[in-house]
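Take a look at the letters that make up each chain.
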Amino acid sequence: MNIQLIHVFDIKQLTLLFLCVFFTFCSDQKPKEKGEIAVRHETKLEQGPNFTQRKITDNLYVIKSNNYHTNVGVFIGTKEIILIDPMTGSNNHQALLEKIKEFSNKPIKYIINTHGHEDHTGANSFFAALGATIISQENIKYTSAKYGVTFKDKYTFDLENERIELYHITSHTFDDVLIYFTTNNTIFMGDTYMTNFFPHFYFGGGSKGHIDFIDKALSLGNENTVIVAGHGKLSSDKTELNTYRKNSIQWIERIKELSFAGKTSDEITQDDEIKQLALAFSGNNTVHVQTIEKTISVDYNSSTPLPESAKNYEGMYQYKNGEVDELIFRDKKLMLRRKGAYIFELSTLSDTKFHIKGQVPYRYISFSNDGKELTYFNGKESQIAKRK
Ligand SMILES: [Zn+2]
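The rules behind each value
Residues numbered from 1 in each chain as written. Predicted model: local features only at pLDDT ≥ 70, side-chain atom pairs only at ≥ 80, totals over all residues. Helix = DSSP H or I, 4+ residues; strand = E, 2+ residues; numbered from the N terminus. Contact = placed C-beta atoms within 7 Å. Pairing = 2+ DSSP bridges. Axes fitted to C-alpha atoms, helices over the stretch in contact; angles between N-to-C directions. Buried ≥ 20, exposed ≤ 12 C-beta atoms within 10 Å, placed from the backbone. Expected span 1.5 Å × (residues − 1). Parallel < 35°, antiparallel > 145°, perpendicular 65-115°, else oblique. Left-handed = near helix turned anticlockwise from the far one by under 90°.

**Let's talk about the overall build of the protein chain**
- The secondary structure content of the protein chain amounts to nine helices and 22 strands.
- Considering only contacts within the protein chain whose residues lie at least 6 apart along the sequence, 57% involve residues at least 24 apart.

Rendered as structure tokens:
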């Protein structure tokens, strides 16, 4: 197999592996033990043959397929329906459409994605074909998701019976969107908040982005604001989100402390405090070693600032198979990105070598020949791209 193919294959493999690991570790079916907090909205839970649903208000519902564990929002406007995060699984799409028709026969006019991961965007194409416009943050271009209208920092919908505010903060990914239904007093947080999984900020903003996003959510609405996580319970609240924030900080600090003390990721998974926090996050005290490795990789891999020369690496780099990676220097960050595929932040290893944050096994890019050549090392093999 040629090296270029391995590169692409490897990204797809990793995505698949992530999804497998993710769904192995954040299944809804797991019994919750300690660390569980009472949910105010539990009484509204209804179990149907294909979907579980919760009525948030008369015109806002959260539903979840019984065989796919993404929380999907359904908003019924005066003229239209807006969907949040229609999940994947082509055999689920028709069932999802039929479920929505139980609420209303109005046209599904918009889809809003909290981020580009397939388990939140898999039905984008299906609903776009039925006439829906997809709204996403602009960095969704660097994922495989279908998109339509994009925005950078903030986007507002003024509907007859609702005003919806969208805010972008890099956290779980580089295209995270916080969706705030101001009249219905509900916030959708996507995977920046999961009630059945560990804090997951390796694909985006690291621990700072994670806390920034939570703080944005806590700053909106009031004490009765309903919080909808990307996975887990169909609805949550600010009391739970505050606990999650506190646990997240403890988790981040403890991993940092143990990592700086020279403990390996394996050893960190066995730490009592880490296990206790894992129980609160996931209902299970088992911590996968990659969860720790990725947390270290995104946050604590290097504290060296970017070199002065970082900006000089900006440009397009073409591999032998024609695929192109782009290096950009923006907001004091050096980023590697490819349309339809990925976007990563880089951390400094030396003036010419940069770690790809959050990516394990250990990945890096390096520059040679006066920046005219880029070498991508995927943890196993290298491939070379030439500057265009
Ligand atoms: Zn995600």
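Further notes follow.
**Quick word on the sheet that holds strand β21 (residues 373–377)**
- Taking strand neighbours around the barrel as the criterion, the eight strands line up as β15-β16-β17-β18-β19-β20-β21-β22 in a closed arrangement whose pairing is antiparallel. Between one strand axis and the next, the sheet turns by 30 degrees as a mean value, whatever way the strands run.
- Where strand β16 (residues 324–330) and strand β17 (residues 333–338) come together, five bridges link them in antiparallel fashion. Each residue of the ladder has a partner; that of E326, found in β17, is R337.

**Some remarks on the environment of M194**
- With respect to the secondary-structure elements, M194 resides in the loop between β12 (186–188) and α5 (206–219).
- The buried category is assigned to M194, around which 24 C-beta atoms lie within 10 Å.
- Between the C-alpha atom of M194 and that of S236, which follows or precedes it by 42 residues, the distance is 9.9 Å.

**Topic: the pairing of strand β19 (residues 353–356)**
- Bridge analysis of strand β18 (residues 342–348) against β19 gives three bridges, and the strand direction is antiparallel. When the sheet's bridge partners are listed, S347 is paired in β19 with H355.
- Hairpin geometry of β18 and β19 is characterised by an intervening segment of four residues between the two adjacent antiparallel strands.
- With three bridges joining them, β19 and strand β20 (residues 364–368) adopt antiparallel strand pairing. Bridged to H355 within β20 is Y364.

**A few points about the sheet that holds strand β10 (residues 162–168)**
- The six strands are arranged β9-β10-β11-β12-β13-β14 in an open sheet whose pairing can be described as mixed. The sheet terminates laterally at β9 (154–159) and β14 (236–237), the two strands that pair on one side only.
- Where β10 lies against strand β11 (residues 177–181), five bridges are found, and the strand directions are antiparallel. Bridge pairing links E165 to Y180 in β11.

**Re helix α6 (residues 238–260)**
- With 23 residues, α6 ought to run about 33 Å at 1.5 Å a step, and its terminal C-alpha atoms sit 32 Å apart, in line with that.
- Buried within α6 are the following residues: E240, L241, Y244, S248, W251, I252, I255 and S259.
- The elements touched by buried residues of α6 are α5, β13 (226–228), β14, α7 (265–269), α8 (272–282) and α9 (289–299).
- A positive backbone phi angle near 90 degrees is found at G262, which sits one or two residues after α6.

**Structural notes on the pairing of strand β3 (residues 60–65)**
- With five of its six residues buried, β3 lies for the most part within the structure.
- Relative to β3, strand β2 (residues 51–57) runs antiparallel, the two being bridged by six bridges. Residue T52 lies in a different strand from β3, and its bridge partner there is K64.
- The hairpin formed by β2 and β3 contains two residues between the paired strands.
- In terms of strand pairing, β3 meets strand β4 (residues 68–76) through five bridges, oriented antiparallel. Following the sheet pairing, S65 is matched in β4 by Y68.
- What sits between the antiparallel neighbours β3 and β4 is a turn of two residues.

**Focus on unusual backbone geometry**
- One non-glycine residue, D85, lies in positive phi territory at about 55 degrees.
- With respect to the helices and strands, D85 occurs in the loop between β5 (81–84) and α2 (90–103).
- Located in the positive-phi region is D370, a residue other than glycine, with phi close to 60 degrees.

**With respect to the packing of α6 against α8**
- Two elements in contact, α6 and α8, have axes whose closest approach is 10 Å; the angle formed by their N-to-C orientations is 150 degrees. As the angle between them shows, α6 and α8 are arranged roughly antiparallel. α8 is crossed by α6, and the crossing has left-handed handedness. On α8, the residues that touch N247, Q250, W251 and R254 of α6 are E273, I274, L277, A280 and F281.

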